[in-house]
Amino acid sequence: MNTLQHRASPAFAVTSAGLVGARPARKAHRHCVTLCPTDPKGVGACFRIRFHKRTCSLRAGQERGTLMMTEPLAAQQEELVDWLPAGALEKDVMRKFEYVRDELSNREPLSFRLSYMSEAPSRDIRAKLRRRRGRLSVVVDLKRRSATSEPAREFHALNMYAAAEILSDLRAEIPLGSKFGLDGIMVSVDSELYDQDCASLSDFARHWRYFHREDPSTAPPIIYKDIIVHELQLAEAAEAGAKAACLVAGACLPDLEKLLNAAYILGMEVLVEVHTEEELQYAFEAGAGIYVFTDVDRARRRVVKGRAVDLMDKYRVDLRNAGAVCLGSGRIETLEQVEQLRDVGADGIVIGGKLMASIARGDVEALASVLHSLLVADL
Ligand SMILES: O=C(O)c1ccccc1NCC(=O)[C@H](O)[C@H](O)COP(=O)(O)O
């Protein structure tokens, strides 16, 4: 009998485990286990169990409690011991742990929210970010500062109401069948890096709901991006209205799987930002489904041109076979960069600084023109 040591949320109790029904064909590695959710909302939740010392992704089936386990993921990575984030990331990570300790750990409702078993994240976010009919998806990254240049680029005129308004106007102006669209709004949360905090996220979400009040289902999802090191940050972002979270792998490598689980339990889709092969391996092992390949080296606060393309290209077959969604990111400013990402299989791109000036000015035409120049040409 296989023994399962599932590390999923406490809302699940292992009632019986092992092979139920027909033994799997050797190649299939498909095993049925029965975990009865103690919370009706558990059905549909995605979580992970350990099986044969491997981490496997599971998603509750339609009928209560029956779970099908997918192929075991790549061989178990050596456990990370004494790991520390590299370079400038160490200071960013310590700052976040202090924020969790001083601010979040005393906020009762957040702890409650964290224990609340939400519905599994809507799968349509992954579908929205996937390349469709030759069109790359576009995620706009809102930030009032971008420090990947010397001096840092400041966009102090950017306010969340105006940003929500201009991005809503932009969507209204994009003709059907256009070669570009607006498929997600990333809100970068960190006072030092981006001059924004979770209140900025909450403000944007409120205005975004207002501008989509007639048909909320048409609103592109809000993606929370931060140096995420603890589940309470995810709970705070979920409370603020984020439907997805972007984990920076280099800031939380040993906890990546745990934070992925926590986000799913909160009902959020997850994107994982990677810059190195190790980060990509860990993200794949943890069961990530949406990857943001960035040229930005957060440890050295610099841009490594071509890194995202090289990494995506090297692992494109594994990623495609796993059904992954791959986005490119990191100072994207030219059509050539977009074409290079498209040619190695990118599903979409994340653009921040290049668009912030026109968004901060409230200039829809300029915003549409920049996106057109990056995405239409001969794509
Ligand atoms: O954007 C920054 O200033 C920054 C500073 C330090 C570490 C990382 C940083 N940016 C990484 C990103 O957030 C992505 O590059 C962003 O999602 C895309 O924005 P942009 O690079 O401005 O197009």
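Please read all numbers here as calculations on a predicted model, not as lab measurements.

Caption draft 1: Structural detail: the pattern of salt bridges. Under the definition given, this model contains 27 salt bridges. Residues Glu 333 and Arg 331 are paired through a salt bridge, measuring 3.5 Å at the closest nitrogen-oxygen approach. Members of the salt-bridge network, linked through shared partners, are Lys 91, Asp 92, Arg 95, Lys 96, Asp 190, Glu 192, Asp 226 and Arg 301.

Caption draft 2: View of the sheet that holds strand E10 (residues 184-188). The strand order around the closed barrel built from eight strands is E7-E10-E11-E12-E13-E14-E17-E18, with neighbouring strands paired in parallel fashion. When the angles between neighbouring strand axes are averaged without regard to direction, this sheet yields 25°. By the bridge criterion, five bridges tie strand E14 (residues 290-294) to strand E17 (residues 325-329) in an arrangement that is parallel. When the bridges of E17 are listed, Phe 293 appears paired with Gly 328. Contacts between helix H11 (residues 307-314) and the sheet are confined to strand E13 (269-274), E14 and E17, with E14 contributing the most and set at about 135° to the helix.

Caption draft 3: View of the site of the ligand. Among the 20 residues in the neighbourhood of the ligand, the closest are listed as Lys 143, Ala 147, Lys 225, Arg 331 and Gly 353. Between the ligand and Lys 143 there is a distance of 2.5 Å, counted from an oxygen atom to a side-chain nitrogen or oxygen. Between the ligand and Gly 353 there is a distance of 2.7 Å, counted from an oxygen atom to a backbone nitrogen or oxygen. For the ligand, whose unbound accessible area comes to 490 Å², protein coverage reaches 99%. Of all elements in the fold, only helix H5 (191-194) and strand E18 (348-351) reach the threshold of two or more residues within the shell around the ligand. Residues of the shell around the ligand, tallied by class, amount to seven nonpolar, six polar and seven charged.

Caption draft 4: A look at unusual backbone geometry. A positive phi is found at Arg 301, a non-glycine position, where the angle reads about 50°. Following the sequence through the fold, Arg 301 ends up in the loop between strand E15 (296-297) and strand E16 (302-303).

Caption draft 5: Structural detail: a negative patch on the surface. On the surface, a cluster of negative charge is made up of Glu 165, Asp 169, Glu 173 and Glu 365. The greatest single-element share of the negative patch, amounting to three residues, is contributed by helix H4 (residues 160-173). On the secondary structure map, Asp 169 appears in helix H4. Relative accessible area serves as the criterion here: at 33%, Asp 169 is assigned to the partly exposed category.

Caption draft 6: Region of interest: helix H6 (residues 198-211). Under the 1.5 Å per step criterion, the end-to-end length of H6 is 20 Å for 14 residues, consistent within 8% with the ideal 20 Å. Where H6 begins, the capping side chain belongs to Asp 197, and its oxygen is found 3.1 Å from the backbone nitrogen of Ala 199.

Caption draft 7: Examining the UniProt feature "domain: Indole-3-glycerol phosphate synthase" (unreviewed entry) in the protein more closely. UniProt records the feature "domain: Indole-3-glycerol phosphate synthase" (unreviewed entry) at residues 219-358, using the numbering of this structure. End C-alpha to end C-alpha, residues 219-358 measures 21 Å, and it is 45% helix and 24% strand.

Caption draft 8: Molecular detail of the packing of aromatic side chains. By the definition in use, this model includes four aromatic pairs. A ring pair is formed by Tyr 161 and Phe 211, whose centres lie 5.4 Å apart and whose planes are at 50°; its orientation type is tilted. Taken as a pair, Tyr 161 in helix H4 and Phe 211 in helix H6 lie far apart in primary sequence, 50 residues in all. We classify Tyr 161 as partly exposed; its relative accessible area is 38%. Residues Tyr 291 and Phe 293 carry aromatic rings whose centres are separated by 6.1 Å and whose planes lie at 35° to one another, so their mutual orientation is tilted. Note on Tyr 291: relative accessible area 1%, which makes it buried. Under the relative-accessibility criterion, Phe 293 is labelled buried at 0%. The structure contains a cluster of three or more aromatic residues connected by ring pairs, namely Tyr 161, Tyr 210 and Phe 211. A cation over an aromatic ring shows up here: Arg 213 above the ring of Tyr 210, its NZ or CZ 4.0 Å from the ring centre.

What counts and how
Residues numbered from 1 in each chain as written. Predicted model: local features only at pLDDT ≥ 70, side-chain atom pairs only at ≥ 80, totals over all residues. Heavy atoms only, no water. Salt bridge = Lys/Arg side-chain N within 4 Å of Asp/Glu carboxyl O. Pairing = 2+ DSSP bridges. Helix = DSSP H or I, 4+ residues; strand = E, 2+ residues; numbered from the N terminus. Axes fitted to C-alpha atoms, helices over the stretch in contact; angles between N-to-C directions. Contact = heavy atoms within 4.5 Å. Near = heavy atom within 4 Å. Polar contact = N/O pair within 3.5 Å; in protein donor to acceptor, adjacent residues only side chain to side chain. Areas by Shrake-Rupley, 256 points an atom, 1.4 Å probe, with all protein chains shown as cover. Nonpolar A, V, L, I, M, F, W, Y, C, P; charged D, E, K, R; others polar. Patch = residues over 30% accessible without salt bridge, like charges linked within 9 Å, V, L, I, M, F, W, Y side chains within 5 Å. Lys, Arg positive; Asp, Glu negative; His and termini not counted. Charge placed at Lys NZ, Arg CZ, Asp CG, Glu CD. Buried < 20%, exposed > 50% of the residue type's maximum accessible area, 1.4 Å probe, protein only. Expected span 1.5 Å × (residues − 1). UniProt positions renumbered as here; feature names shortened; annotations may be inferred. Phe/Tyr/Trp six-rings, centres within 6.5 Å; stacked < 30°, edge-to-face > 60°. Lys NZ or Arg CZ within 6 Å of the ring centre and 35° of its normal.

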